[in-house]
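# Structure at a glance
Letter by letter, the chains look like this.
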Amino acid sequence: MELELIRLPNGVRIALDPMPGLATAALGVWQRVGARWETAAQNGIAHLFEHMAFKGAGARDARQFAEAIENVGASVNAATSYERTAYYARVLSEHAPFALDLIADILFAPHWNADDLEKEKGVVAQERGEAFDVPDDRVFELHQGALYPGQPLGRPVLGEEATLAPVTIAMLEAFRDAHMAPERVVVSIAGAFDRVAFMDTVEKRFSALASRPLQERPAARAHAGGAGEARKLEQAHLVLSWPSPASGAEELSAARLLAEIFGGGMSSRLFQEVRETRGLVYAIDAFLETFEDDGRLMVYAGCSAKNARIVADIVSAELALLAEQGPTPGELARAKAVARAGLLMGLEAPSARAEARAGQVFLRDRLMSFDDIRARIEAVTGAQIQALARTALAGPVCAAVIGPKAGLGALDAFQAKS
C-alpha cells in the first residue's frame, strides 16, 4: 500500500498512511469545527459536545460503549480546540474498522439525555476550575483574551458557567447539524490496516453525509495589549507574543526554526542568556501558536516577581538582536538538526502521523511526503529567519502575567521595548 488521499463523492476526505512492520494503527475523524465557530452566547458548546461523546452511542449505552472499546484492547479519546474537533483511537490492526464504526456512532447516533448533560456540565466546571487553579494554564487564557478581544479566539475553549448553563440537548443537536458538513470532515489512519475493510467502513458510515451551507468564522484580528492578574503565588508567570505566519503559510518552516533558535531548547538564546548566564528563571520556552489565518511567536517564562520586568526586557532584546543580525550558521544548523530529528521521530508514531495527515488535508488539500517537508526545512536560510524576526517586531505585541503584584510591571516593560 502507498500513501493515499481519497475523496468520497460527497466531499469527505480520507488519508491512508500505511506503515510497514507495525501491528497497530492510529485512526480518527477530524472536523473543521471548534470554538471559533461559536457565538458569544454559545461559548463552550463545541467542547461540551465532545464531552458528551462517551455517554453511549449506536446500540450501546455508556458502559457498553466503554466495554466494547476495551474488549478489543483499544483506547478512544477526543479533543476540542479553536479550529478542530478530533475523535481518535489506537487499536490493533484488525480492529481499525470496528474503532471507526464506534467513532461514527459518536458522531451520528449519540445517546444524549438531559440528566447526562447536566452531569457533564458539572464535569466541565471542574475542568475549568482546575485550569483556573494552574497559573501556567491560566496565563495563556489571559493572553488569548487580550490578543483577540471580543472575538471567538479570545474566549476560552472550555466556555463559562453563564454560557453553558442554558445549553440543552436541542442546542447540541443544532450545533452538530450546522457544522457536520462532509467538506469539513477528514478520516485519517496511519499504521497497519486492511485497506479494503477500512474503506468499506468509511463508505458505509460517511458517504451519506449531506452537504450544508458553509459556516465560516470571522477573520482573526490580533490586537496589541496585555492582561495581568495578581495572585499570591511564589512566581510570576509570563506569556509574551509577536506576529508569526499562519498554519498554512509557506514561511512556517522558517518560523519554526526561528522559535527553536530563539528559545526552543537548551542551546537557544533565551535559555542560555536568561537561565544559564543570569539564573533568572527555572523555565523559559519559545514556540509557535498557529491558526488558519493568524499565528504568534510565543514565549513563556516563570520567574520571581522581582525579576519579571528584567526577564521581559531580555526577551525583547534577544528578539531584536535576531532581527538585527540574524542567526549564526551554527544556530541555524542546530535548529535544522532538531527539526529533522522531530520529523523522523514523528514518522515512528502512528498517532502523530494520523494527526499530521489530517492537518495537511485541511490546510493544503493534499498529503505531503516527509521528504518534501524535510526539503522545506533544509531550504530555510538565515536571511529568512532574520526577516521573520523583523516582521514580528513590527506587529502588535501582547503579554499576560499572573502572580504577585510586583511582577505585573513586566507588562509595561515588554510593550515599551517591543
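Parameters at a glance
- As a convention, each chain's residues are numbered from 1 in the sequence order in which they are written.
- Local features in this predicted model are restricted to residues of pLDDT 70 or higher, and side-chain atom pairs are both shown and tallied only at a pLDDT of 80 or more, whereas totals for entire chains, interfaces and linings draw on every residue.
- Computation of side-chain values: all heavy atoms of the structure, hydrogens and water removed.
- Patch membership needs two things, relative accessible area over 30% and no salt bridge, and members are linked within 9 Å if like-charged or within 5 Å if nonpolar (Val, Leu, Ile, Met, Phe, Trp, Tyr).
- The protein chains shown are the only cover counted for residues, whose accessible areas, like all others here, come from Shrake-Rupley with a 1.4 Å probe.
- Take a side-chain nitrogen of Lys or Arg and a carboxyl oxygen of Asp or Glu: if they are within 4 Å of each other, that pair is a salt bridge.
- Just so you know, the count uses Lys and Arg for positive and Asp and Glu for negative, and it drops His and the chain ends.
- In plain terms, the charge of a residue is placed at NZ if it is Lys, CZ if Arg, CG if Asp and CD if Glu.
- Helix and strand assignments follow DSSP, with helices taken as H or I runs no shorter than four residues and strands as E runs no shorter than two, numbered in order from the N terminus.
- Between buried and exposed lies partly exposed: a residue is buried under 20% and exposed over 50% of the maximum accessible area for its type, with that area taken using a 1.4 Å probe on protein chains only.
- If DSSP finds at least two bridges between two strands, the strands pair.
- Interaxial angle, 0 to 180 degrees, is taken between N-to-C directions of lines fitted to C-alpha atoms, where a helix line uses only the stretch in contact.
- We call two residues in contact whenever any of their non-hydrogen atoms come within 4.5 Å of each other.
- For a helix, the expected span equals 1.5 Å multiplied by the number of residues minus one.
- Between N or O atoms, a polar contact is any pair within 3.5 Å; within protein, one atom must be a potential hydrogen donor and the other a potential acceptor, and residues adjacent in sequence are included only when both atoms are from side chains.
- Definition used in this section: a nonpolar core is a set of buried Ala, Val, Leu, Ile, Met, Phe, Trp, Tyr and Cys residues joined via side-chain atoms within 4.5 Å.
- Side-chain rings of Phe, Tyr and Trp (the six-membered ring for Trp) are treated as a pair once their centres are within 6.5 Å; stacked means planes under 30 degrees apart, edge-to-face means over 60, and tilted covers the remaining angles.
- Throughout, disulfides are identified as pairs of cysteine sulfur atoms within 2.5 Å of each other.

### Quick notes on a negative patch on the surface
Together, Glu130, Asp133, Asp136 and Asp137 give the surface a local cluster of negative charge. Elements that contribute at least two residues to the negative patch include exactly helix 4 (114-133) and helix 5 (135-147). On the accessibility criterion, Asp133 (59% relative accessible area) is exposed.

### Here's the deal with the pattern of salt bridges
Charged atoms that come close allow side chains of opposite charge to pair. Applying the stated criterion to the full structure yields 29 salt bridges. Ionic pairing is found between Asp101 and Arg205, a salt bridge with its closest N-O pair at 2.6 Å. Here the residue Asp101 occupies a position in helix 3 (residues 96-108), and Arg205 occupies one in helix 8 (residues 195-206), the gap between them amounting to 104 residues. Across the pair Arg138 and Glu141 runs a salt bridge, and its minimum N-O distance is 2.7 Å.

### Topic: the sheet that holds strand 13 (residues 398-403)
The 5 strands are arranged 9-13-10-12-11 in an open sheet whose pairing can be described as mixed. Either end of the sheet is taken by a strand with one partner, and the two such strands are strand 9 (225-230) and strand 11 (281-291). For this sheet, the mean inter-axis angle between neighbouring strands, taken without regard to orientation, is 10 degrees. As judged from the 8 bridges shared by strand 10 (residues 236-243) and strand 12 (residues 294-303), these two strands associate in the antiparallel manner. Within strand 12, the residue paired with Ala236 across the bridge is Cys303. The strands touched by helix 5 within the sheet are strand 9, strand 10, strand 11, strand 12 and strand 13, with strand 13 carrying the most contacts at an inclination of about 145 degrees. Across the sheet, helix 11 (residues 308-325) lies against strand 10, strand 11 and strand 12, angled at about 25 degrees from strand 10, the strand it touches most.

### A look at helix 8
Counted at 1.5 Å a residue, the expected span for helix 8 with its 12 residues is 16 Å, and the 16 Å between its end C-alpha atoms agrees. Those residues of helix 8 that are buried are in contact with strand 1 (4-7), strand 2 (13-18), strand 3 (24-31), helix 3 and strand 8 (185-191). The N-terminus of helix 8 is capped by Asp194, whose side-chain oxygen sits 3.0 Å from the backbone nitrogen of Val196.

### Points about the nonpolar core
Residues Ile14, Leu27, Leu172, Val187, Phe198, Val202 and Phe206 are the most contacted members of the largest nonpolar core, which totals 52 residues. Examining the composition of this core, we find that 8 residues originate from one element, helix 3, more than from any other. Those residues in contact with Val202, other than ones at most four positions away along the chain, are Leu8, Ile14, Leu100, Val187 and Ser207. Ranked by size, the runner-up nonpolar core spans 49 residues in total, among them Trp242, Leu258, Ile314 and Ala410.

### A closer look at the sheet that holds strand 7 (residues 85-92)
As a general point, the strands of a sheet are linked pairwise by backbone hydrogen bonds and lie either parallel or antiparallel. Read across the open sheet, the 6 strands follow the order 1-2-8-3-7-6; overall the sheet is mixed. The open sheet has two edge strands with one neighbour each: strand 1 and strand 6 (75-80). Across the sheet, the mean angle separating the axes of adjacent strands is 15 degrees when strand polarity is ignored. Of the pairings in the sheet, the one linking strand 2 to strand 8 comprises 6 bridges and is parallel in character. Bridging across to strand 8, Ile14 finds its partner in Val187. In the packing of helix 13 (residues 350-364) onto the sheet, the strands contacted are strand 1, strand 2, strand 3, strand 7 and strand 8, and the crossing angle to strand 8 comes to about 145 degrees.

### Comments concerning the packing of aromatic side chains
Throughout the structure, instances matching the rule amount to 9 aromatic pairs. Ring centres 5.2 Å apart and planes at 80 degrees place the aromatic pair Phe49 and Trp112 in the edge-to-face group. Here Phe49 is found in helix 1 (residues 45-51), whereas its partner Trp112 is found in the loop between helix 3 and helix 4, with 63 residues between them in sequence. Both residues of the pair, Phe49 and Trp112, count as buried. Three or more aromatic residues joined by ring pairs form one cluster here, namely Tyr82, Tyr148 and Phe291.

### Re the state of the cysteines
Within this structure, the stated rule accounts for 0 disulfides. The thiol of Cys303 is not disulfide-bonded; the next cysteine sulfur, from Cys398, is found 17 Å away. A relative accessible area of 0% means that Cys398 is categorised as buried.

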